[in-house]
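Architecture and fold: a report
Residues per chain are reported as follows:
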Amino acid sequence: DSISNVSPLEQMGKSSGQLCNNIVLLFFLFYRTANLYNVETGSNLQTLAGHDRELTHVACHPTQRLVATCSMDSTFRLWDFRETIHSVSVFQVST
């Protein structure tokens, strides 16, 4: 599997993090955002905001600058940082 997954539901009430391309992807259960931190400086590089409900999962590609977030709002978002102008694609999940 080329994408590493992190599930905060297994860590009720705790933060969950993942290291990708010298960037730490961190989010908290019951929050609607995830944050990207520089490993060397600890500075917040980007806050990934836009979901209407709490995040349930995050994943990042091990070699590309791509992050996926999944939320209880029945959407997942693909955050693309490969270009100078960053983009996000929103996908609706049907139940």
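Refer to the structure printed above.
Scope of this entry: the structure provided in the associated data block.

The rules behind each value
- Residues numbered from 1 in each chain as written.
- Predicted model: local features only at pLDDT ≥ 70, side-chain atom pairs only at ≥ 80, totals over all residues.
- Heavy atoms only, no water.
- Helix = DSSP H or I, 4+ residues; strand = E, 2+ residues; numbered from the N terminus.
- Buried < 20%, exposed > 50% of the residue type's maximum accessible area, 1.4 Å probe, protein only.
- Lys, Arg positive; Asp, Glu negative; His and termini not counted.
- Salt bridge = Lys/Arg side-chain N within 4 Å of Asp/Glu carboxyl O.
- Polar contact = N/O pair within 3.5 Å; in protein donor to acceptor, adjacent residues only side chain to side chain.
- Contact = heavy atoms within 4.5 Å.
- Core = buried A, V, L, I, M, F, W, Y, C linked by side-chain atoms within 4.5 Å.
- Patch = residues over 30% accessible without salt bridge, like charges linked within 9 Å, V, L, I, M, F, W, Y side chains within 5 Å.
- Areas by Shrake-Rupley, 256 points an atom, 1.4 Å probe, with all protein chains shown as cover.
- Phe/Tyr/Trp six-rings, centres within 6.5 Å; stacked < 30°, edge-to-face > 60°.

A separate point is the side chain of Asp73. Note that Asp73 resides in the loop between strand S7 (66-71) and strand S8 (75-80). Here Asp73 is buried and forms no salt bridge, its nearest opposite-charge partner Arg77 lying at an N-O distance of 4.7 Å. For Asp73, the side chain forms a polar contact with the main-chain nitrogen of Asp52, separated by 2.8 Å. Excluding anything up to four places from it in sequence, Asp73 contacts His51, Asp52, Arg53 and Gln92.

Before going further, it helps to examine the nonpolar core. Counting residues in each nonpolar core, the largest one holds 10 residues, listed as Cys20, Ala34, Leu36, Leu48, Leu55, Val58, Cys60, Val67, Trp79 and Phe81. It is strand S6 (residues 55-60) that provides the largest number of residues to this core, a total of 3 residues.

Moving on, we come to a nonpolar patch on the surface. On the surface, a nonpolar cluster with roughly 290 Å² of combined accessible area is contributed by Phe76, Leu78, Phe91 and Val93. Within the secondary structure layout, Phe76 lies in strand S8.

Bringing the packing of aromatic side chains into the picture now. With the rule as written, the count across this model stands at 1 aromatic pair. With a centroid separation of 4.8 Å and an interplanar angle of 15 degrees, the aromatic rings of Phe76 and Phe91 are classed as stacked. In this pair, Phe76 sits in strand S8 while Phe91 sits in strand S9 (residues 87-92), placing the two residues 15 residues apart along the sequence. The exposure class of Phe76 is partly exposed, given its relative accessible area of 33%.

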